[in-house]
Amino acid sequence: MVVIENLKIGSRLFIGFSVIILILILLTLYGIRSMETLSRQATMIYNHPLTVSNTVLRINTNIIKIHRTMKDIVLAQDADSRKKDSQIVNGLEKEVFQDFEIINERFLGEKEKYKTALNVFADWKPIRDNVISLMNEGKRVQAANITKGEGARHVVKIERAMEELGDFAQSKAKDFLHTAKVTKSNSFRLMYFLIGLSVVAAILLSLFITKSITAPIGTLRTAVDDIGKGKLETEINIQSEDEIGHLAASFNRMTKDLRNVTASRDELNEEILLRKKSEEALQESEARYHDLYDNAPDMFVSVDAKTATILQCNQTLATALGYRKEEIVGRPIFDVYHPDCMEDVKKSFQLFVETGEVHNAELQLKRKNGSKIDVILNVSAIFDEQGEVLYSRSVWRDITDRKQLEEEIKATAITDDLTGLLNRRGFLRFAQKQIEIANREKTNFSLLYLDLNDMKIINDEFGHLEGDRALKYIANILNKTFRSSDIIARVGGDEFAILITGARGSATERTVIDNLIGNLSNYDEDAERGYTLSVSTGIAHYDPAHPCSLEDLLLRADALMYENKQRYQFAKAGLKQPKKISREKRIDKRYDVENKHKIELVVPDSIRIVNISMNGIRLETRQRLAKNTAFTIRISPHNEEEEILLTGFVVWSTVEAKVTEEGIEGTYNQAGLRFVGTDDSSKDLLKKYLTDLRKGNFTLSLFQ
């Protein structure tokens, strides 16, 4: 202490400022190191989750394109078209395998998931080859059935396998993001600690240096006042070797000379001048501190605890809000916050009044022009001698850029890059939420599945860029047609899905489709493209009284859209659409069951019997029965005869639609079950009971 007090004032100030600058340099180096850590986390997010997620989305898109092209192969009218479409399929398949290689390189999860997805995709090729072979043999109907049935289910299976990869990648991205947040949080805490430590150290050092200067100056000033009053016996007791000590010695000599009547007035004036210069130096030092406060990177403000008025703020805050400091000081603190977060602001202020502290509260300030600034608030308090909170030392840190980055990362995962609509992942997420809401609130909705007609022709004749423009046109028309509460998404290459909230039946659905067709027509009239935009649609209604899965709802809408697509293709070619071929050969005569007798004990859902024979049974269901699924069937006659226990095997399952002149009235599912492994005794009983079975005089139970 004595050594420091003997240093010159300039040396003391130099040491003080050097220590503060050193602390700031250490804080800066630590901040750079933290940013490098966050940068590495961002790089890891890019190298694995984002790359894998984007690759999974690209594979899903190509899978939809392959599936669509396979439908085009079934609809193709000549061998050249089929060959050209087959080449497209081969090219898309090659792209998918290339993307699988990317996933293999970047995927951080279990390789078994990757191999499963790859094998499921590879297993699709024999199905496609079978379809192409049937088409080459002229067996269009069989090829179409495989495409709509086994092929469509395999596509769903592939999408599920890919979804597992995508979900893992998203989970990994969340892990990386969590690690980055933890790193950031730890860094901020340590930096806040170091900043607080540096502020305390700077204050203590400043107080020490200031006191080492002001204390002797005070003593000197008191002595000078005494001397000015004529107390020439006064002696200044300052023993330091700095300028003030020298000044004190000078004053002592002056008083001695005065006492000896040897001092002159000029010498006294010189000493007074030295005192003024010392005061000016102190004022300059204070101005430097104010400059540091005003131009700090964070926003500082002091708030009165009782009146909630702003006592002081720095220039950084005034500039950020677009005010002058004079316009802010004296106003209630609540005026500078945005109304959207006012409830949280009041809670934070109450916490400050009660405890004197607020830590890392995320709030929003309001600029003079009304725009928002996202900030993190930290508050400490100044207390009086009784421990009551007087006013705050509040610090706001601008986190607007970080918030925008977080929102961009969230939006990227569920948004289609081309159209700006939701992608398939986003649609499935929001649609599942809508099903939960519908089941909870007992509200209906409809699912419209839409396919852009002649997409392949547009790409071939006008180029893929024009094809992309056509998809954007459709997206714009959908945004114009549907409400903001409806969920609109591009779920495949040229396929869109719209969940229409609040739809109550076929009349509403018909109106929606008419509006869509009308907007398409108006758009075509105003455009000069060389081609016409048209779509094929399928719509399925969701009734919470008869719930079903989102997957089943999509299958129903897609099946209806595919039928409308076929009608469009046949109409365009000037052909009459062929009648449906019976799904199975009738080995035995079938007997219609009166009033479609209802099964009393059911596993999947409400089921009615359409007809029955010695060979099998035909059912009408709300939920689709999976093909190649085995059920145990117990038939109990009402006349208390011996019951029959059979095994039924689902040989076909499809979606049907009831079509009227006004449009599609509703959809349902049908399935055919063949009796297998039936012994002679069961056959004899079945033949004996057939008449009663036709009249519904029995109870039938179905188990899986």
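What counts and how
Residues numbered from 1 in each chain as written. Predicted model: local features only at pLDDT ≥ 70, side-chain atom pairs only at ≥ 80, totals over all residues. Heavy atoms only, no water. pLDDT = per-residue confidence, 0-100. Helix = DSSP H or I, 4+ residues; strand = E, 2+ residues; numbered from the N terminus. Contact = heavy atoms within 4.5 Å. Axes fitted to C-alpha atoms, helices over the stretch in contact; angles between N-to-C directions. Parallel < 35°, antiparallel > 145°, perpendicular 65-115°, else oblique. Left-handed = near helix turned anticlockwise from the far one by under 90°. Nonpolar A, V, L, I, M, F, W, Y, C, P; charged D, E, K, R; others polar. Buried < 20%, exposed > 50% of the residue type's maximum accessible area, 1.4 Å probe, protein only. Polar contact = N/O pair within 3.5 Å; in protein donor to acceptor, adjacent residues only side chain to side chain. Core = buried A, V, L, I, M, F, W, Y, C linked by side-chain atoms within 4.5 Å. Salt bridge = Lys/Arg side-chain N within 4 Å of Asp/Glu carboxyl O. Pairing = 2+ DSSP bridges. Arc of directions from axis to C-beta.

Colleague: Any chance you could break down the confidence of the model for the chain for me, citing the residues and the numbers?
Modeller: Chain-level pLDDT for the chain is 80 on average; 85% of the residues reach the 70-or-more range. Per-element confidence in the chain is highest for strand β7 (residues 487-490), whose mean pLDDT is 94, and lowest for helix α1 (residues 2-5), whose mean pLDDT is 60. Here residues 579-587 is modelled with pLDDT under 50, and outside its nearest four sequence neighbours on either side it reaches 13 contacts, counting other chains as well. Ignoring residues within four places in sequence, the model shows residues 600-604, a span with pLDDT below 50, making 14 contacts including any to other chains.

Colleague: Report on the packing of helix α5 (residues 124-136) against helix α6 (residues 140-228), specifying residues and quantitative values.
Modeller: Two quantities define a packed helix pair, namely the angle between the helix axes and the distance between the axes. Running from N to C, α5 and α6 point in directions that differ by 165°, and their axes come no closer than 9 Å. Taken together, the axes of α5 and α6 lie roughly antiparallel to each other. At the point where α5 passes α6, the crossing takes the left-handed sense. Listed contacts from α6 to W124, I127, N130, V131, L134 and M135 of α5 are R140, Q142, A143, I146, T147, E150, G151, H154, V155 and I158. Split by residue class, the contact of α5 with α6 holds 9 nonpolar, 5 polar and 2 charged.

Colleague: Describe the packing of helix α4 (residues 111-122) against α6, listing the residues and the values that go with them.
Modeller: Viewed as axis vectors pointing N to C, α4 and α6 meet at an angle of 160°, and their least axial separation amounts to 9 Å. In terms of axis orientation, α4 runs roughly antiparallel to α6. Judged by the twist between their axes, the crossing of α4 over α6 is left-handed. Listed contacts from α6 to K113, Y114, A117, V120 and F121 of α4 are H154, K157, I158, A161, M162, E164, L165 and F168.

Colleague: Give a detailed account of unusual backbone geometry, specifying residues and quantitative values.
Modeller: The phi angle at K442 is positive, at roughly 55°, despite the residue not being glycine. Assignment of secondary structure puts K442 in the loop between α13 (424-441) and β6 (445-452). The exposed category is assigned to K442, whose relative accessible area is 60%. Backbone geometry at D454 places phi at a positive 60°, although glycine is not the residue there. Along the chain, the position of D454 falls in the loop between β6 and α14 (455-462). D454 sits in the buried class, given a relative accessible area of 17%.

Colleague: Break down the environment of T316 for me, with residues and values.
Modeller: Structurally, T316 can be placed in helix α9 (residues 315-321). Linking T316 and A296, residues 20 residues apart in sequence, is a C-alpha distance of 6.7 Å. The residues touching T316, leaving out its near neighbours within four places in the chain, are D294, N295, A296, P297, D298 and M299. Looking at T316, its side chain comes within polar contact range of the main-chain oxygen of A296, at 2.5 Å.

Colleague: Account for the nonpolar core, with residues named and values stated.
Modeller: Nonpolar side chains in soluble globular proteins tend to be buried together. Formed by 35 residues in total, the largest nonpolar core has its most connected members in I63, I66, F100, I103, F121, W124 and M162. At the level of elements, α2 (9-75), α3 (79-106), α4, α5 and α6 are the ones that each hand at least two residues to this core. In terms of residues, this core owes the most to one element, α6, which gives 9 residues. Judged by nonpolar contacts, the second largest core, of 31 residues, contains A308, L321, I333 and I373.

Colleague: Tell me what's going on with the pattern of salt bridges, and back it up with residues and numbers.
Modeller: It is possible for side chains bearing opposite charge to pair when their charged atoms get close. According to the stated counting rule, one finds 29 salt bridges in the structure shown. Residue E93 pairs with K125 through a salt bridge whose shortest N-O separation is 3.9 Å. Of the two residues, E93 is situated in helix α3 and K125 in helix α5; the sequence distance between them amounts to 32 residues. The partly exposed category is assigned to K125, whose relative accessible area is 31%. Each of R68, D451, E495 and K565 takes part in salt bridges that share partners, so that together they form one network.

Colleague: So, the sheet that holds β6: which residues are in play, and what are the values?
Modeller: Ordered by their spatial adjacency, 4 strands build an open sheet running β7-β8-β6-β9, and the pairing between neighbours is antiparallel. Looking at the sheet topology across the chains shown, the edges are occupied by β7 and β9 (535-542). Neighbour to neighbour, the strand axes of the sheet diverge by 15° on average, direction disregarded. The sheet contact formed by β6 and strand β8 (residues 495-501) spans 7 bridges and is antiparallel. When the sheet's bridge partners are listed, L447 is paired in β8 with L499. Across the sheet, helix α17 (residues 550-572) is in contact with β6, β8 and β9; its angle to β9 comes to roughly 150°.

Colleague: So what's going on with α14? Which residues, and what values?
Modeller: What α14 keeps buried is the set M455, I458 and N459. Taken around the axis of α14, the buried residues stretch over an arc of 95°, which confines them to a single face. Looking at the buried positions of α14, the neighbouring elements they touch are β6 and α15 (464-481). Backbone geometry just after α14 places G463 at a positive phi near 95°.

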